[in-house]
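Secondary and tertiary structure notes
Chain by chain, the residues run as shown.
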Amino acid sequence: MLLRDLAGKEFHNQVDEAGESVGALEISGLSADSRKIEKGMLFVALAGTKADGAAYVADAVARGAAAIVAGHALEATVPVIVVGNPRRFLALAAANFFGRQPATMVAVTGTAGKTSVASFVRQIWAEAGHAAAQIGTTGVVSPTRNDYGSLTTPDPIGLHRLLAELTDEGVTHAAMEASSHGLDQCRLDGVKLSAAAFTNLGRDHMDYHPTVEDYMAAKMRLFDTLLPKGSPAVIFADDPWSAEAIRVATEAGHEVLTVGRSGQFLALKRVEHFRHKQVAEVHFGDQIFEVHIPLAGDFQVANALVAAGLAIATGVPAAVAMKALEKLQGASGRLELVGQSKAGALAYVDYAHKPDALENVLTSVRPFTTGRVIAVFGCGGDRDKGKRPIMGEIACRLADIVIVTDDNPRSEVPAVIRSEIMAAAPRGIEIGDRAQAIRAAVAMLSAGDTLIVAGKGHEEGQTVGDVTLPFSDHAELRKALEEFDH
């Protein structure tokens, strides 16, 4: 592909300024990692938090780079194109290079619920007869694959390679998660969106965003920058930050569709909670639906409504979407029932690793818990330290028994992380070894109890230092339940 075509209309001037011959360069591929550069490729030098891509220009040239894109002038033996936003350039260039993405793309942002919403939208589309996929924290799911992943929002090159592959597989509809990091770093800027959604905002990523307002602003790029004007913006109406999301989406000229108890598009009128399901009365215009959602937790009703809103906004009849909600399967590690004790106590794994999410999950299981709520959780290292005492306080306020353990300590001393949680959790029991903590919790279970193992959800490893060791909350919980059943 010619560099001029790769750059796209937005960056034509910068390419032309570098010379007509530069625009006519044949580019065989592109990368922001100099180690992946091969002959004829374009190297995009990105300034990161730990390293500046400009430092690797010589390496990229030595490996065969045909040209360099950077945010400032550089000395190189190949043409250098200077652009104002290299990250956006990379996203748009990746979209142009791979050239194919599913015809109907939606993205969902928010602190909690993104994975569930993306999963639910995919399932509703599939029930409506569409070849559908989801991309996010738990990986990629499509009619032909179920690949485990780790990044909520992939890098632009990986993302557009994936979108092209999904299109070639026949996928016509895809839902993806839009993280604040991904939005702030322009990773989604080349995605052609049909609709977008907002779930909620809580405390998270305060190690990256200076303030919660900056965090919200990053998420709002989905509406004020990426979603084409006039497109549907589905917004959960019952969150403290809903009004701000509605304001941004309205000012951007979108069709704002609110869902929830205060929603106008899908209005939630009543919910009955049961152990394994919830019955919701939902109004859509003049139509009234009684929906049996086979998942526990009030927040799952919210996620289901956001997903239904996206599905309806992209052409699924409301009756089909509501019927599909009755067949939903929960996303891996999202209040996922792993098993129950011999006495009938329920044991769940949940990804809750931030204050609002922990509060939501502990609150959600209380209506159907006749005994005690037991919580096992920790906090990750090298992340927002301020949330540790907050989560300790939440756990002690909402659970009857609290076991504080290790999450992913990374480079921090695990005992220090635990002590910062325990400072606000005076009733907490400290058991550093996560497997032992889970086993201890299972040993305590009696009839009517509910156990929540929170923090790691779908993850299949535990990062200690710079090594990720095999570890699964699901596997450890099943092992403990089997042991105490005999």
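Scope of this entry: the structure provided in the associated data block. Computed from a prediction, not measured in an experiment: that's the story for all the values here.

1. A word on a nonpolar patch on the surface
Side chains of Val464, Val467 and Leu469 sit close together on the surface and give an oily, nonpolar patch of about 220 Å² of accessible area. For Val464, the location among the structural elements is in strand β22 (residues 461-464).

2. Quick word on the side chain of Thr104
Considering the arrangement of structural elements, one finds Thr104 in strand β5 (residues 104-109). Each residue touching Thr104, except ones within four places of it in the same chain, is listed here: Trp125, Thr172, His173, Ala174, Ser194 and Thr314.

3. Some remarks on the packing of aromatic side chains
For any two aromatic rings, the description comes down to two numbers: the centre-to-centre distance and the angle of the planes. Counted by the stated rule, this structure contains 4 aromatic pairs. When the centroid spacing of 5.1 Å and the interplanar angle of 70 degrees are considered together, the rings of Phe11 and Phe89 count as edge-to-face. Of this pair, Phe11 sits in the loop between α1 (3-7) and α2 (12-17) while Phe89 sits in helix α5 (residues 86-98), placing them 78 residues apart in sequence. Here Phe11 and Phe89 have matching classes, each one buried. Taking 6.4 Å as the distance between ring centres and 50 degrees as the angle between the ring planes, the aromatic pair formed by Tyr348 and Phe368 counts as tilted. Residue Tyr348 is located in strand β17 (residues 346-350), and its partner Phe368 is located in the loop between α13 (355-365) and β18 (373-377); the two are separated by 20 residues in the primary sequence. Of the two residues examined, Tyr348 and Phe368, each falls in the buried class.

4. Digging into the nonpolar core
Residues Ile124, Leu266 and Met322 are the most contacted members of the largest nonpolar core, which totals 44 residues. Other than its neighbours up to four places away in sequence, Met322 contacts Leu266, Val282, Phe289, Val291, Ala308 and Ile312. Counting 32 residues, the second-largest nonpolar core is a separate cluster that includes Met105, Ala178, Leu188 and Met220.

5. A look at the sheet that holds strand β4 (residues 80-82)
Pairing within the open sheet is parallel, and its 4 strands lie in the order β1-β2-β3-β4. Sheet topology places β1 (29-31) and β4 at the edges, where each strand pairs with a single neighbour. Across the sheet, the mean angle from the axis of one strand to that of its neighbour is 20 degrees, orientation sign disregarded. Of the strand pairs in this sheet, β1 and strand β2 (residues 41-44) are connected by 3 bridges, and their pairing is parallel. Within β2, the position partnered with Leu30 by the bridge is Leu42.

6. Some details on the sheet that holds strand β8 (residues 145-147)
Ordered in space as β8-β7-β6-β9-β5-β10-β11-β12-β13-β14-β15, the 11 strands form an open sheet in which the pairing is mixed. Since the sheet does not close on itself, it has two edges, and those belong to β8 and β15 (287-293), each with one partner. Going from strand to strand, the sheet's axes swing by 15 degrees on average, the running direction of each strand aside. Relative to β8, strand β7 (residues 139-142) is paired through 3 bridges, and the arrangement is antiparallel. Along β8, the bridge assignment pairs Val140 with Asp147.

7. Regarding the packing of helix α6 (residues 114-127) against helix α11 (residues 298-313)
Each packed pair of helices is defined by two parameters, the angle between the axes and the distance between the axes. Interaxial distance between α6 and α11 falls to 8 Å at its minimum, and their mutual angle equals 50 degrees. In terms of axis orientation, α6 runs oblique to α11. Relative to α11, the crossing made by α6 is right-handed. Seen from α6, the contacting residues are Ser116, Val117, Phe120, Val121, Ile124 and Trp125; seen from α11, they are Gln300, Asn303, Ala304, Val306, Ala307, Ala308, Leu310 and Ala311. Taken together, the residues of the contact of α6 with α11 sort by class into 11 nonpolar, 3 polar and no charged.

8. Focus on the state of the cysteines
Scanning the entire structure with this criterion turns up 0 disulfides. Considering cysteine sulfurs only, Cys396 is the nearest to Cys379, which forms no disulfide, with 13 Å between them.

About the criteria used
- Residues numbered from 1 in each chain as written.
- Predicted model: local features only at pLDDT ≥ 70, side-chain atom pairs only at ≥ 80, totals over all residues.
- Heavy atoms only, no water.
- Patch = residues over 30% accessible without salt bridge, like charges linked within 9 Å, V, L, I, M, F, W, Y side chains within 5 Å.
- Areas by Shrake-Rupley, 256 points an atom, 1.4 Å probe, with all protein chains shown as cover.
- Salt bridge = Lys/Arg side-chain N within 4 Å of Asp/Glu carboxyl O.
- Helix = DSSP H or I, 4+ residues; strand = E, 2+ residues; numbered from the N terminus.
- Contact = heavy atoms within 4.5 Å.
- Phe/Tyr/Trp six-rings, centres within 6.5 Å; stacked < 30°, edge-to-face > 60°.
- Buried < 20%, exposed > 50% of the residue type's maximum accessible area, 1.4 Å probe, protein only.
- Core = buried A, V, L, I, M, F, W, Y, C linked by side-chain atoms within 4.5 Å.
- Pairing = 2+ DSSP bridges.
- Axes fitted to C-alpha atoms, helices over the stretch in contact; angles between N-to-C directions.
- Parallel < 35°, antiparallel > 145°, perpendicular 65-115°, else oblique.
- Left-handed = near helix turned anticlockwise from the far one by under 90°.
- Nonpolar A, V, L, I, M, F, W, Y, C, P; charged D, E, K, R; others polar.
- Disulfide = S-S within 2.5 Å.

On their own, these measurements won't tell you what the molecule is for.
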